[in-house]
Amino acid sequence: MVFEFRSAYAEAKRKRHLMEFIDIEQAAYRMLTLETVQAKEIRQKIQNQYYEIMVDEYQDNNRLQDAILNQIATTEPQNRFMVGDVKQSIYKFRLADPTMFVEKQNDYAGENNHELINLAENFRSAVNVDNFTNLIFEQIMDERFGDIDYANQAKLKYGATYYPDDLDTSIELLLYNAKDATDFDNDNNDFQADGVEAGQSELIAQKIRQLIDNQSEIYDKDLQALRPVKYGDFAVISPTHTNELVLADAFSRYDIPAEINGAENYFKTTEIQVMMSLLSIIDNPYQDIPLVAVLRSPIVGLNENELAFLRINQKTGDYYSALRNFYDKYDYADPSDYAKNIYPKVDKLLKQLRMFRDVAQQEGIVALIWHIYNETGFLDYVGGMPAGYQRQANLHALYERAEDYEKNGFKGLFQFVLFVKRMQDRDEDLATTNPSTTEDAVHVMTIHGSKGLQFPIVFVDDISKRFNNQDLKGTYVLNDKLGIGITYLQNDSRELFEPLQKRALYDLTKNASLGEEMRKLYVALTRAEQRLYLVGNVKKVDDGADLVDKWLAKAADDSLVLSVAARNQANSFIDWVGPAIARHPNVSEQFGTEKDLKFLISDESQFKIELIDDEMLSKYGKSVNVTSLKDGTWINNTLSQIEESLEPTNQDIANVLNYEYPYKSAVKTTAYQSVSEIKRVFEDPDSIEMMNNPALDVDSVSANRMVQSQMPIPNFW
């Protein structure tokens, strides 16, 4: 059945002239492994084309990709150079295989022609961050979990010796203690979290606000000096996008700017909902909810009473008919005050709708969206709202998605709206489009999105979130090496049985999934440069010592490494972090717990644990007078900050009119340049293309490429 499906699916794609990325990979591999004369010539030509094959992030390669590289690499001499860190292999869903990296690492460590270079030093993080990371992973990661012997092969070594000795490198485990409302004095408690996610978000927002208000200092590597912390120094890293809407709400109440490029929250933002409603009624105005959304939005600006006035005049039928009825029967001679105020807005909207339909039909969706931004001023409007840069980034993302949509050959406004609705239904949104902003804002992202980045202060959020075990809950389990294990149905008794094959595959798959989660935790912790906060939640903990005792019960007495059973039973990051830190002298001193400290007595990590409930959050909220921004408040706040403009002098005007930008060459130099473009600049001088290459002429380059005609020898040569 599987082979028949594969053949039918491949035939359907051939008929439509389509290929998926995996099809391209497999076709490349087949082409390189055929034993025909033509295939051998192609393979030899490709091998001769490359002097050296350099592979970055090798731990994220899969077996097929590695097989392709093996075919184009040479053996005499060997010309492969691979860089990677198996502890950061977190793309199992893309078939990345960390065991492939480990096999290569072990092979290169032997006596052969290969060379293994270990780069253990961490030049990113302060020593306390390194020590804390080692404290956790020496106890939880080994060859059985995580696919590597952390303590003996992969332990971090402190290399960032440029940090000053008196630098604050705090590490805290912040646990939101969820309690019932009856546990508090409600007369003095203004805040009650709507779920643990809201409590965690409030906790993070308060901590960031405290550090900003207190002008807490970090070390700036560029300035080589301490300076007050800025919003852009913070990153909030989570396992998933789930809590980003809640986090955005908490940040807005504390006036904390944030850059959030999540998938699940994207279509729930006001500006995108307004734009999608407008696109919907441009296609078909006979849709009540999108039409009213646009009328109520800043694009039109009707209030609730004015919307009711339109409906009262025609109580039956769709809302667009009521709108047209008001417009067509408008009494120019003696209009009421309500009608006089509404008519100009409705008139403008209907004229814009006609114009927008013409643009959509004649110029396409991309031109339509940009035309809407320009005509309505909506893009500029949202830029003046709280988190304005992020809102503008969201609108730019919509524009870029429409551009991708049309580039792939799809046309029509109706189809685009339908396409976006389907994405929304599947929670796929626009996660692949991450427009950057220049605002000094807190960075909010997933662990996968943070890979390769680093930040002075990192919050690892939601460490209590349960792991996603959907791959293990069905009636079958898939394994890329051993095949499939299926639940067996006994027809006579209608009973379900799990054969030994499925049980074995279940255990292997679960073990691999836990290893993946462990590596995700490692990636999250090592994004921090100077300070680290782990944020999770517990329920109804009256005494922190009781919580620590539960963690201690999972810690082994006779070994530094936690038992296999304890690690295998973990359902969240905190199930590893808690037992790993419970035996530390810091915890014993803070909570008065007793445990044999022989394994960690000399550990130099410095950290503390805080349990924070709604009452504590409420007290801080009162101290900074946090209130929700009501409609229009942000406008008044902005206007109150505008200083009186001074009357310009003749000299001021002359300076503006005669101004010449002093860095013209920088304007013509791109921040990004493809390898192909660089290659064209340095083509052989005898080449005809080189003689007429506009990339070497600064004045003729509109997009701005690298314009040096020579490649100077590096200083280290």
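Residues numbered from 1 in each chain as written. Predicted model: local features only at pLDDT ≥ 70, side-chain atom pairs only at ≥ 80, totals over all residues. Heavy atoms only, no water.

Asker: Quick rundown of the packing of aromatic side chains? Include the residues and the values.
Answerer: Counted according to the given criterion, the structure contains 28 aromatic pairs. Ring geometry for Trp370 against Tyr373: centres 5.7 Å apart, planes inclined by 70°, an arrangement best described as edge-to-face. Note that Trp370 and Tyr373 are positioned in helix H15 (residues 365-376) at a spacing of three residues, about one turn of the helix. Owing to a relative accessible area of 2%, Tyr373 belongs among the buried residues under this scheme. Ring geometry for Tyr405 versus Phe410: centroids 5.2 Å apart, planes at 25°, classification stacked. By relative accessible area, Tyr405 is classed as buried at 7%. According to the relative accessible area criterion, Phe410 is partly exposed, its value standing at 46%. (Phe/Tyr/Trp six-rings, centres within 6.5 Å; stacked < 30°, edge-to-face > 60°. Helix = DSSP H or I, 4+ residues; strand = E, 2+ residues; numbered from the N terminus. Buried < 20%, exposed > 50% of the residue type's maximum accessible area, 1.4 Å probe, protein only.)

Asker: Mind laying out the sheet that holds strand E11 (residues 455-460), listing which residues take part and the relevant values?
Answerer: Note on sheets: strands pair through backbone hydrogen bonds, and any given pair is parallel or antiparallel. With parallel pairing, the seven strands of this open sheet are ordered in space as E9-E10-E8-E11-E16-E5-E17. Since the sheet does not close on itself, it has two edges, and those belong to strand E9 (258-260) and strand E17 (608-612), each with one partner. Shown here is a sheet whose adjacent strand axes are inclined to one another by a mean of 20°, direction ignored. Sitting on the sheet, helix H9 (residues 244-253) touches strand E8 (234-238), E9 and strand E10 (442-446), and the angle it makes with E10 is about 170°. Contacts between helix H20 (residues 500-525) and the sheet are confined to E8, E11 and strand E16 (528-539), with E16 contributing the most and set at about 130° to the helix. (Pairing = 2+ DSSP bridges. Axes fitted to C-alpha atoms, helices over the stretch in contact; angles between N-to-C directions. Contact = heavy atoms within 4.5 Å.)

Asker: I'd like to hear about a nonpolar patch on the surface, residue by residue, with values.
Answerer: Taken together, the side chains of Tyr476, Leu478, Ile484 and Ile486 present a nonpolar region at the surface, about 410 Å² in accessible area. Contributing elements (two or more residues each) for the nonpolar patch: strand E12 (476-479) and strand E13 (483-486). Secondary-structure assignment places Leu478 in strand E12. Assessed through its relative accessible area of 55%, Leu478 is described here as exposed. (Patch = residues over 30% accessible without salt bridge, like charges linked within 9 Å, V, L, I, M, F, W, Y side chains within 5 Å. Areas by Shrake-Rupley, 256 points an atom, 1.4 Å probe, with all protein chains shown as cover. Salt bridge = Lys/Arg side-chain N within 4 Å of Asp/Glu carboxyl O.)

Asker: Account for unusual backbone geometry, with residues named and values stated.
Answerer: Looking along the chain, the bond that leaves Glu76 and enters Pro77 is cis, with omega of -5°. Assignment of secondary structure puts Pro77 in the loop between helix H4 (63-72) and strand E2 (80-82). The phi torsion at Leu95 lies on the positive side, around 70°, for a residue other than glycine. Its location among the elements puts Leu95 in the loop between E2 and helix H5 (98-109). Even without glycine at this site, Arg494 takes up a positive phi of about 60°.

Asker: So what about the pairing of E11? Which residues, and what values?
Answerer: By the criterion of burial, E11 is predominantly enclosed, with six of the six residues buried. Pairing between E8 and E11: four bridges, direction parallel. By the bridge assignment for E11, Ala235 is matched with Val458. As judged from the five bridges shared by E11 and E16, these two strands associate in the parallel manner. Note that in E16 the partner of Phe455 across the bridge is Ala528.

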